[in-house]
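# Structural features, examined
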Amino acid sequence: MQNKGLVKLFAVLFGLVSIYQLSFTFKNNQIDNDAKTYAESRYEAPEEVNEAEIRYTDSIANVEAYNIGVASFTGKEVKEKAMNLGLDLKGGLNVILQISVRDILYGLSNNSKDPAFNKALADAIEIQKDAQESYLESFFEAWESVKGDQKLASPDIFANKDMEGVIELDMTDGEVRDKLEEKVDESIVSAFEVLRKRIDQFGVTSPNIQRLGNSGRVLVELPGVKDVKRATELITTTAQLQFWDVEKGQTLGSFFSEANEILKVKLGVDNDVAESTETADSTQTVDSTDVDADSTIDDLLGETSADSTATDQVNPIFDLFAPVQSFGLFAIKAEDQATFKSYMQMPEVRAALPTELRFTNFAFGLPSIDDETGLETVDVYALKGNRDNEPELSGGVVTDARQSYNQINEPTVSMQMNAKGAKIWEAMTGRANQQGTQIAIVLDDIVYSAPTASSGAISGGNTEISGNFNVKEAEDLANVLRAGKLPARAEIIQADQVGPSLGQEAIESGTKSFLIALSLVLIWMILYYGKAGIFADIALLLNILLIFGVLSGLGAVLTLPGLAGIVLTIGMSVDANVLIFERIREEIGKGKSQKEAVKDGFANALSSILDANITTGLTALILFVFGTGPIKGFATTLLIGIVTSLFTAIFITRLLVDWYVNSGKSLDFSTSITKNLFKNNNINFIGKRKVAYVISGVLILISLGSLFTNKLDQGIDFVGGRTYQVRFDQAVSSEKVAQDLTAKFNSVEVKTIGGDNQLKISTKYKVDENSVEVDEEVKTMLFEGLQPYLPNGLTFKNFSEGNSDIGIVLSSKVSPTIADDIKRESLLAVLGSLIVVFLYILFRFKKWQFSLGAVAAVFHDVIIVLGIFSLLYKFMPFSMEIDQAFIAAILTVIGYSLNDTVVVFDRIREVLAERLGFKGGVNINSAVNSTLSRTLNTSLTTLVVLLAMFIFGAESLRGLLFALIVGVVVGTYSSVFIATPLMYDTLKNKGIDPTKEDEDKL
């Protein structure tokens, strides 16, 4: 091998980078454990413990928490760089939201009463139930059916005052359609930005929000979120944009002084202690940051001097002030928002407000971080309220907003209002100009901007908002303003909720199965290949380090199926080493020296290794494209594992083997037990193909018969509905629970899953309604129906969130609409992988017979796996539902089966080239026999890994793992007895067959 120095350099660098990346994960786990220890030592109630944990982590968010000598990192930076754990490992909430395009269209029409228009909106909803197109496409289809002589560019529909300049009266429906597509897309973008900002403010570690294609669907993942109800309300409520007049700081100076004294008394601050502190510290040098803080207070109070001895006063309000510039009254630390808000809500403090200011509301701006100190602060604003707490102007009057540039090319925001809004806006800007005050732009109670009206009253409703913006900030503000016009609801059409206890169990069981599987593989390689197995083990351990390092470095989310993908990669990654070692053993058997055998063995195995991994990689890539959430995580780890496995097997193992051989030591690539194993095999596989056809034919007929009669246990991913995994403190009868719940829901399915104290409950009750209220209604009915089986004193909150390890530990919801989409995408994923692999094999082997044999074998494997699931799902003690995870298993079976088949085909191609032709199957038999050791070795290794995961892993993965176990067994069989014989039987020229008579006798 050439460039050994370069390989060593890359191996060391990749290893160090992976260790560096993973060090943040270990440090973050230490911080989390410290936070948990701190919280549990002070509180007992789960809610208080959770709040204390959050306070602890917040307290070190902007201070040094990790120092590696050459660099240091804050607690926040450590969390950002640590490996992200998915929902199923950490607990939390995963939802897919559908932003209502129907609401957007209705809002753009200015709530039109036109009968034809409203009928088209309603008909589009019905069309959507069976359609795969967007709602907008369904609306246009419905409109064509009901419009008559009506036009979309009608004053009663879209050519209204709010859409002036966008939709003109002379436009055709086609032209209006183009404009509507633009406006709907803008509205979805705005809604997406509002959701993103809400989630950023929610304080969840490593949240994920992404728009799914060009649809109105948004994926939101909130791992670790504790208050699920609050989270769902946060992401489903309609945006509330408001414009408020802002009070000047000078008008509130005396109020804050009086409020501070009131709080001293109420909070029990000892003035004597405060005075003694001042005296003791009066001779110390005043820090510049304290001077800045005093200056901020002076500006607020309208004073021009301050006593330098008062720098350490114990003042409940003034001590919250942060020493940074503020565009509001003042700035406070972001972590002190709740404290300040609680102070301002105290009746005694509110009573101190002057009569003319008694309705004043206090709001916070967006957080900002000081580049030098790392201090995170928020500005505080005083909004002029009223008795009804209603703003003078709401966001519904905004007709458009865009990021633009002023005359000196600085980013600005251009905003347009309708006639009603323009009149009120003129009055508000006129007052702000005369009084020298600001107007706050408030979305969801957060002040996004507070501009002044320096040029006087603004008439006409067209406004340019300028400030110290960069382009991104200007775009964000434009999105916020457009959201004010957005009446769209965001409905949850798919949701998965995992309780924290189940997530912790998943981590423990996943880690246990991972270590057991790894240990078994490491031991097996040494038992089978001796010293060479040790080198393969070193490469495997480096491979695992690289997989986790890459995952951490990419910011990828590690899920339970993802962990299964890593463990499966361990089993499959030894395949490359097995291929190499088997080829070296063959070369040694030919009488070659060790050095020559090693060189030729690696060279001869390379083609098979690449072909096998590329076919598996193609199926994983399709899974990545079509999958979402945990399934995408499974595909991600599989893809990364394939790449790192190739690197470690081809380069690292070669490096170690060359080093050992070049040192003059003997390396046998076997042990005394395995030295002659599978040598001199002479099985007539082609001759036995008819027997294999009969066996497979019978299995396929039984499978198809069961699929048509017994069918499959389709999960809610494919049929829609709500599913809850409920844990009890004692064993319960699924039949009795089903009887009790049927009275509540009419239709319910109850299964025992895992132990006798755990049930999986599914219902289609109100499956078409996606509101948060209906979700809570179903949970409440479930809670009431299960009362006889629940411990006394268990609250609904603890039951619904599974905080006490009793109650709902896992819940899922899928609407019928998205269930159809999942079914369609799953079918496309399977068919797409078959087509892509068919074409790849055709390209590599130049004969369509090879492609046909490989694809036929895959169909054979898939049908038998489906048949076994259909036959056994009523009897197995674990869930065998057909869901997205099962589709991931099917695609993995396809990849594994193809991997096996391609290795066999690769050897057949090599033997045919050496021996000039098929010779009636003799050369095919020779090729298959020569790969038998590799085929069985790899299959057994993979099975050992899967069985370890199946026995010791998480309950939720049992169905997926069972499918993989069946798939590996059937796939190994089909690569030898189905793919190869079918390829042979479809050949026109099979060559001379000198053993024809013998074959006919078999």
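Quick look at the structure, then. (Residues numbered from 1 in each chain as written. Predicted model: local features only at pLDDT ≥ 70, side-chain atom pairs only at ≥ 80, totals over all residues. Heavy atoms only, no water.)

### Description of the sheet that holds strand β21 (residues 748–752)
Within the open sheet, the eight strands sit side by side as β5-β6-β4-β18-β23-β20-β22-β21. Their pairing is antiparallel. Only two strands of the sheet have a single partner each, and these edge strands are β5 (208–211) and β21. Neighbour-to-neighbour, the strand axes of this sheet turn through a mean angle of 15°, independent of strand direction. Bridging between strand β20 (residues 721–727) and strand β23 (residues 807–814) involves seven bridges; their strand directions are antiparallel. Residue pairing across strands places Val-726 opposite Ile-808, the latter belonging to β23. Against the sheet, helix α24 (residues 734–745) touches β21 and β22 (758–763), its axis set at about 160° to β21. (Pairing = 2+ DSSP bridges. Helix = DSSP H or I, 4+ residues; strand = E, 2+ residues; numbered from the N terminus. Axes fitted to C-alpha atoms, helices over the stretch in contact; angles between N-to-C directions. Contact = heavy atoms within 4.5 Å.)

### Let's talk about a negative patch on the surface
Judged by side-chain charge, Glu-164, Glu-168, Asp-170, Glu-175, Asp-178 and Glu-182 come together as a negatively charged surface patch. Tracing the backbone through its elements, the reader meets Asp-170 in the loop between α7 (135–146) and α8 (173–202). (Patch = residues over 30% accessible without salt bridge, like charges linked within 9 Å, V, L, I, M, F, W, Y side chains within 5 Å. Areas by Shrake-Rupley, 256 points an atom, 1.4 Å probe, with all protein chains shown as cover. Salt bridge = Lys/Arg side-chain N within 4 Å of Asp/Glu carboxyl O. Lys, Arg positive; Asp, Glu negative; His and termini not counted. Charge placed at Lys NZ, Arg CZ, Asp CG, Glu CD.)

### Brief notes about the packing of aromatic side chains
Tallied over the entire structure, the rule returns 36 aromatic pairs. An angle of 80° between the planes, with centres 5.0 Å apart, marks the rings of Phe-850 and Phe-905 as edge-to-face. In this pair, Phe-850 sits in helix α28 (residues 848–872) while Phe-905 sits in helix α29 (residues 884–915), placing the two residues 55 residues apart along the sequence. Assessed through its relative accessible area of 0%, Phe-905 is described here as buried. Through pairs of rings, three or more aromatic residues link up here, namely Phe-255, Phe-256, Phe-318, Phe-321, Phe-330, Phe-340, Phe-362 and Phe-364. Note that Arg-654 overlies the ring of Phe-602, its terminal NZ or CZ placed 4.9 Å from the centroid. One cation-aromatic arrangement involves Arg-958 over Phe-950; the distance from NZ or CZ to the ring centre is 5.7 Å. (Phe/Tyr/Trp six-rings, centres within 6.5 Å; stacked < 30°, edge-to-face > 60°. Buried < 20%, exposed > 50% of the residue type's maximum accessible area, 1.4 Å probe, protein only. Lys NZ or Arg CZ within 6 Å of the ring centre and 35° of its normal.)

### Let's talk about the side chain of Lys-760
Turning to its location among the elements, Lys-760 is positioned in strand β22. For Lys-760, a relative accessible area of 15% puts it in the buried group. Setting aside chain neighbours within four positions, we find Lys-760 in contact with Thr-723, Tyr-724, Gln-725, Glu-749, Val-750, Lys-751, Ile-753, Ser-879 and Glu-881.

### Considering the environment of Ile-544
By the secondary structure assignment, Ile-544 is in helix α18 (residues 531–554). In this structure, the C-alpha to C-alpha distance between Ile-544 and Thr-644, residues 100 residues apart in sequence, is 8.3 Å. What Ile-544 contacts, discounting residues up to four positions off in sequence, is Phe-514, Leu-518 and Ile-570.

### Things to note about the nonpolar core
Core analysis: the largest hydrophobic core is formed by 117 residues, its most contacted members being Phe-548, Phe-581, Ile-894 and Ile-908. By residue number, the principal contributor to this core is α29, which donates 17 residues. One finds Leu-97, Ala-116, Leu-152 and Ala-153 within the second-largest nonpolar core, a separate group that totals 47 residues. (Core = buried A, V, L, I, M, F, W, Y, C linked by side-chain atoms within 4.5 Å.)

### Regarding a nonpolar patch on the surface
A cluster of nonpolar side chains, contributed by Leu-6, Leu-9, Phe-10, Leu-13 and Phe-14, occupies part of the molecular surface with about 440 Å² of accessible area. Tracing the backbone through its elements, the reader meets Leu-6 in helix α1 (residues 4–42). Of the residues examined, Leu-6 reaches a relative accessible area of 44% and is grouped as partly exposed.

### Notes on the sheet that holds strand β14 (residues 411–417)
Strand order in the open sheet made by the three strands is β13-β14-β17, with antiparallel pairing throughout. One side of each edge strand has no neighbouring strand; the edge strands of this open sheet are β13 (398–405) and β17 (462–465). Across the sheet, the axes of successive neighbouring strands diverge by a mean angle of 20°, strand direction being ignored. The sheet contact formed by β14 and β17 spans four bridges and is antiparallel. Within the sheet, the bridge partner assigned to Met-415 lies in β17 and is Thr-463. The sheet strands contacting helix α15 (residues 419–435) are β14 and β17, and the helix crosses β14 at an angle near 120°.

### Quick notes on the pattern of salt bridges
The full count for this structure, using the stated rule, is 27 salt bridges. In this structure, Arg-689 engages Asp-985 in a salt bridge whose closest nitrogen and oxygen atoms are separated by 3.0 Å. One end of the pair, Arg-689, is in helix α22 (residues 689–709); the other, Asp-985, is in helix α32 (residues 958–985), with 296 residues separating them in the sequence. Relative accessible area serves as the criterion here: at 31%, Asp-985 is assigned to the partly exposed category. Because the salt bridges share partners, they merge into one network encompassing Arg-583, Glu-586, Arg-907 and Glu-910.

### Section: the pairing of strand β18 (residues 490–498)
With seven of nine residues buried, β18 lies mostly within the body of the structure. Note: strand β4 (residues 92–99) against β18, eight bridges, orientation antiparallel. Directly across from Ile-96, in β18, lies its bridge partner Gln-494. Sheet analysis places β18 next to β23, joined by five bridges and oriented antiparallel. Paired with Val-498 across the two strands is Leu-810, which belongs to β23.

### Observations regarding helix α5 (residues 101–108)
Most of α5 sits out of view: seven of its eight residues are buried. For α5, every residue scored as buried is listed here: Val-101, Asp-103, Ile-104, Leu-105, Tyr-106, Gly-107 and Leu-108. At the exit of α5 stands Asn-110, carrying a positive phi of roughly 60°.

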